[in-house]
Structure formats: structure tokens, C-alpha cells
Amino acid sequence: MRRLVSIGLAICALGVLGNYVVFRARQHTYADASRLMLTSDVSTPETVVLTGGSKRIKLALELLRDGRTDHVFISGVGQKYSKAKLPAVPGLTEEMRACCISLGFSARNTTENGAESAAWLKQRGARRVFLITADFHMPRAMLELQRAAPNITIMPITVRQPRKALQHAAEFVKYSARMLHLPAPQRGA
């Protein structure tokens, strides 16, 4: 019986290790794709940004200003947030701010970001989208948006956001839970 338990624990450990390898590989793949996206002239009509850092929003607004996207949707903003609080981006006109930026107020976590963003993309008839979030967060963000909008091509753009080992581990646990269709533990996005 002990041997059977040991074998079972070893199989579980290998499964966790394998999932971690996949998680890290996806982070690197999305970072590489992001660098390619940002150094090319690829464009798309819609861009979705998951809140959590001003660098993410600023990058999306720069893509809008540069004509690489026509509309930016910022998912998961707080109820008191408004377009007036958007970061300043030289060359981004008031007309662009008024017409081409939408705010999503209902999402409180990454799963809800996926649903909120998918609804916005469906309303716009989108076929492809830039998705902007932190590098460590992209695997789970991609997973959630792909599940919510399976017919849309998602082009990841990551923003480097250093994390401590504990935060990285927490993101891996959340990603693993969502891979198994379990609710992610809730403590921040």
C-alpha cells in the first residue's frame, strides 16, 4: 500500500512539475510574440487591456495614437475611474479619447475580464484583438479570453512587470486551477 501511495504522489508531483513547465513556456512564448508584435507593423481594429498597471493602459493608448488599433477597451476598471484619469500620451487627441476608448466596469478578476472583454468584442464584431496585460499574467488571461471568445484570434502583448517568487507562485496556482476549470483563488487579479 505504501508503495502505491508513493507512486501516486510521484505521479502528482510530475503532473505539477509538467504544468509548471508549460506555464513558464507560455510566459516566454507570449513575451516573444509580444516583442515581435511591437517591432512589426501588425495592427488590429480592437485592443483589450486588463487593468492592473498604468504601463498596460499607456501602451494601449500609444497603439491607438500610432494607428495600430482603432479602439481600446479597458476591462475591470474601478467604479470611480473615468477617461479623465487615463495616463497622458503625447499626440493622443481628445477626439481619440472620446471616440475610441471604452471602459469596462463589471470585471473583478481575470475570469470576469475574459467574459467582459468577449462581450465587448462580440458587440463590435471583432475577429482579432491585441490583448495587453502583464507578462506573468498572460497565460491565464489568454486562457480566459480564449474560453470566452473562442472564434477570435488573440495577439498577446505583454508588459514586463517584475514579481516576487510568492506572487509568481500564486499566479501559477491560479493558472493551474483555471486549467482544471476550477475557480481561481481570489486575492487580486
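Scoring rules and cut-offs
For every chain, the first residue of the written sequence is number 1, and numbering continues from 1 along that sequence. In keeping with the model being predicted, local features are shown solely for residues with a pLDDT of at least 70 and side-chain atom pairs are shown and tallied solely at 80 or more, while totals for entire chains, interfaces and linings include all residues. To obtain the side-chain values, all non-hydrogen atoms of the structure were included, while hydrogens and water were left out. We count a stretch as a helix when DSSP gives it H or I for four or more residues in a row; a strand needs E for two or more, and each element gets its number in order from the N terminus. Working definition: with a 1.4 Å probe on protein chains only, accessible area under 20% of the residue-type maximum means buried, over 50% means exposed, and in between means partly exposed. The contact rule is simple, with two residues in contact once any of their heavy atoms fall within 4.5 Å. The positive count covers Lys and Arg only, the negative count covers Asp and Glu only, and His and the chain ends enter neither. Taken as the charge location is NZ of Lys, CZ of Arg, CG of Asp or CD of Glu. The working definition used for a salt bridge is a side-chain nitrogen of Lys or Arg within 4 Å of a carboxyl oxygen of Asp or Glu. One fewer than the residue count of a helix, multiplied by 1.5 Å, yields its expected span. At least two DSSP bridges between two strands are required for those strands to pair. Axis definition: a line fitted to C-alpha atoms, over the contacting stretch in the case of helices. Angles run 0 to 180 degrees between N-to-C directions. Orient the strands so they point away from the viewer; a crossover is then right-handed if the path from the first strand over the helix to the second runs clockwise. Residue types Ala, Val, Leu, Ile, Met, Phe, Trp, Tyr and Cys, when buried and joined through side-chain atoms within 4.5 Å, form a set referred to as a nonpolar core.

K.L.:
Can you walk me through the overall build of the chain in this structure?
P.N.:
Within the chain one finds six helices and five strands. Order of helices (α) and strands (β) in the chain, N terminus to C terminus: α-β-α-β-α-β-α-β-α-β-α. The principal-axis extent of the C-alpha atoms belonging to the chain is close to 70 × 35 × 35 Å. Considering the chain as a whole, with its 189 residues, one finds that 44% of them fall into the buried category. In the chain, the share of contacts with a sequence separation of at least 24, taken over all contacts with a separation of at least 6, comes to 78%. If you average the places of the 27 positive and of the 13 negative side-chain charges in the chain, the two averages end up 10 Å apart.

K.L.:
What should I look at first to understand the pattern of salt bridges in this one?
P.N.:
Close approach of charged atoms allows side chains of opposite charge to pair. Following the criterion strictly, the structure yields seven salt bridges and no others. Here E112 ties to R108 by a salt bridge, and the two come within 2.8 Å at their closest N and O atoms. Residue classification places E112 among the partly exposed residues on the basis of a relative accessible area of 23%. For D135, the salt bridge identified is with R160, shortest N-O distance 3.6 Å. On the criterion of sequence distance, the pair formed by D135 in the loop between β4 (128-134) and α5 (138-148) and R160 in the loop between β5 (153-159) and α6 (165-179) is long-range, its members being 25 residues apart. Exposure remark for D135: the relative accessible area of 15% places this residue in the buried category.

K.L.:
Could you clarify how one ought to interpret helix α2 (residues 54-65) in this entry?
P.N.:
Each α-helix turn comprises 3.6 residues. Residues three or four places apart therefore point the same way. Between its terminal C-alpha atoms α2 stretches 16 Å, which fits the 16 Å expected from 12 residues at 1.5 Å a residue. G67 sits one or two residues past α2 and shows a positive phi near 75°.

K.L.:
Please clarify how helix α1 (residues 2-39) should be interpreted in this entry.
P.N.:
Taking 1.5 Å per residue as the helical rise, α1 with its 38 residues ought to reach 56 Å, and the 56 Å between its terminal C-alpha atoms agrees with that figure. Where α1 is buried, its residues contact β4, α5, β5 and α6.

K.L.:
In this structure, what is going on with the sheet that holds strand β1 (residues 46-50)? I would like to understand it.
P.N.:
In any sheet, the strands associate via hydrogen bonds between backbone groups, in a parallel or an antiparallel arrangement. Strand order in the open sheet made by the five strands is β3-β2-β1-β4-β5, with parallel pairing throughout. The open sheet has two edge strands, β3 (101-104) and β5, and neither has a second partner. Each adjacent strand pair in this sheet contributes to an overall mean axis angle of 20°, direction not counted. Bridge count for β1 against strand β2 (residues 71-75) is five bridges, and the pairing is parallel. Following the sheet pairing, L50 is matched in β2 by S75.

K.L.:
Explain the pairing of β2 to me, please; I cannot follow it from the model alone.
P.N.:
Looking along a regular strand, one sees side chains alternate from face to face of the sheet. The element β2 is extensively covered by neighbouring structure, given that five of its five residues are classed as buried. Neither face of β2 is left uncovered, since the one carrying H71, F73 and S75 and the one carrying V72 and I74 both have all their residues buried. The handedness of the β1 to β2 crossover, carried by α2, is right-handed. Here β2 pairs with β3 via four bridges, running parallel. Counterpart to I74 in the pairing with β3 is L103.

K.L.:
How do you make sense of the nonpolar core when you look at a structure like this?
P.N.:
Note on soluble globular proteins: their nonpolar side chains tend to be buried together. Residues V49, L61, I74, I101, I132 and I157 are the most contacted members of the largest nonpolar core, which totals 22 residues. Broken down by secondary-structure element, the contributors of at least two residues to this core are α2, β2, β3, β4 and β5. Of all the elements, α2 adds the most residues to this core, at six residues. Leave out the neighbours within four places in its chain, and L61 touches L86, P87, V89, L92 and I101.

Read these as spatial facts, not as claims about activity.
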